[in-house]
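Structure assessment
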Amino acid sequence: MALRKIITLENETLRKVSKPVKFFDESLWELLDDMKETLIKSTGVGLAAVQVAVLKRVFVISVNNTYFEVINPTITKKEGTQRGPEGCLSIPGKQCSVTRPNKVTVEFFDRFGNPITLTATEFMARAICHEYDHLDGILYIDHTKGGKLEGQL
Ligand code: CO
């Protein structure tokens, strides 16, 4: 495993649309292992592959002692709303309130290509929505509707 460099807002790669994973092979596993190490080192909640400049539809999440890997996800159901503060490892030192669904169902694949369906609520649902957006080049600041970003520059 190796740490990867997290790109930040000024890098236009963050705005690109990631491509589906075709091969569930060793190069994918190496990416996932590196993303896990990078996420844990940075004490973040989630990390999308695009944030380490790899345009694949992959993200990892670490919330409440739960760690999981998400490949080629589709959000199939959204219910309710929640509003709360959000930050991003690619926008260090900032956060802003964002409205998200309170409950989402997501279909995706694990690292071996096995299909998984997960329903998540509250903070986990927020994390999934945030990471899912990254795959389409969307950042949480796009949802703030002129809301004030708080934190250090
Ligand atoms: Co982010």
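Located above this text is the structure these notes cover.
The structure presented is a predicted model; accordingly, all values stated were derived computationally and were not measured. (Residues numbered from 1 in each chain as written. Predicted model: local features only at pLDDT ≥ 70, side-chain atom pairs only at ≥ 80, totals over all residues. Heavy atoms only, no water.)

Concerning the sheet that holds strand β2 (residues 58-63)
Test applied: Strands are treated as partners if at least two bridges between them are detected by DSSP. Labels follow the DSSP assignment, with helices taken as runs of H or I lasting at least four residues and strands as runs of E lasting at least two, numbered in each case from the N terminus. To get an axis, fit a line to the C-alpha atoms, keeping to the stretch in contact for a helix; angles then go from 0 to 180 degrees between the N-to-C directions. The contact criterion used is simple: two residues touch if any of their non-hydrogen atoms lie within 4.5 Å.
The strand order across the open sheet built from five strands is β1-β2-β3-β6-β7, with neighbouring strands paired in antiparallel fashion. Edge positions in the open sheet fall to β1 (46-48) and β7 (115-121), since each of these has one partner strand only. Looking at each pair of strands side by side, their axes are set apart by 40° on average, direction ignored. Judged from the seven bridges that link them, strand β6 (residues 103-109) and β7 form a sheet pairing that is antiparallel. When the sheet's bridge partners are listed, Phe 109 is paired in β7 with Pro 115. Sheet contacts for helix α1 (residues 26-42): β1, β2 and β3 (66-79); angle to β2, the most-contacted strand, approximately 35°. Across the face of the sheet, helix α2 (residues 122-134) comes into contact with β1, β2, β3, β6 and β7 while running at roughly 155° to β2.

Quick notes on the coordination of the cobalt ion
Selection criterion: The donor set covers N, O and S atoms within 2.8 Å of the metal, switching to 3.2 Å for Na, K and Ca, and it leaves out water, so a site may look short of donors. Note on exposure labels: buried denotes an accessible area under 20% of the residue type's maximum, exposed denotes more than 50%, and partly exposed covers the range between, all computed with a 1.4 Å probe on protein chains only.
All of the protein donors around the cobalt ion are Cys 88 (SG), His 130 (NE2) and His 134 (NE2); their distances to the metal are 2.1 to 2.3 Å. Sequence spacing of the donor residues for the cobalt ion, all on one chain, is C-x41-H-x3-H. With Cys 88 in strand β4 (residues 82-88) and His 130 in helix α2, the pair connects residues that are 42 residues apart, well separated along the chain. An identical accessibility class is assigned to Cys 88 and His 130; each is buried.

A few points about the nonpolar core
Under the convention used in this document: By nonpolar core is meant a set of buried Ala, Val, Leu, Ile, Met, Phe, Trp, Tyr and Cys residues that side-chain atoms within 4.5 Å join together.
Core analysis: the biggest nonpolar cluster contains 19 residues, and Phe 59, Ile 61, Phe 68, Ile 75, Val 104, Met 124 and Ile 128 have the highest contact counts within it. Contributing elements (two or more residues each) for this core: β2, β3, β6 and α2. Sequence-distant contacts of Phe 68, defined by excluding residues within four places in its chain, comprise Phe 59, Val 60, Ile 61, Phe 108, Leu 118, Met 124 and Ile 128. Judged by nonpolar contacts, the second largest core, of 14 residues, contains Ile 6, Leu 39, Val 52 and Val 60.

Comments concerning the packing of aromatic side chains
Put simply, the test is: Pairing of aromatic side chains here covers Phe, Tyr and the six-membered ring of Trp, requires ring centres within 6.5 Å, and sorts the geometry by plane angle: under 30 degrees stacked, over 60 edge-to-face, intermediate tilted. In this scheme, Lys NZ or Arg CZ marks a charge over a ring once it lies within 6 Å of the ring centre and within 35 degrees of the ring normal.
For the structure shown, the criterion picks out three aromatic pairs. Here the basic side chain of Lys 36 rests over the ring of Tyr 67, its NZ or CZ set 4.7 Å away from the ring centre.

Concerning unusual backbone geometry
One non-glycine residue, Asn 65, lies in positive phi territory at about 65°. Relative to the helices and strands, Asn 65 is located in the loop between β2 and β3. Residue classification places Asn 65 among the exposed positions, given a relative accessible area of 85%. With a phi angle near 50°, Glu 122 is a residue other than glycine that sits in the positive phi range. Within the fold, Glu 122 resides in helix α2. When its relative accessible area of 49% is taken as the criterion, Glu 122 is described as partly exposed.

Considering the pairing of β4
Examined bridge by bridge, β4 and strand β5 (residues 91-100) share six bridges and lie antiparallel to one another. Bridge pairing in β5 places Cys 88 opposite Ile 91. Where β4 hands over to β5, the hairpin turn is made up of two residues, counted between the paired strands.

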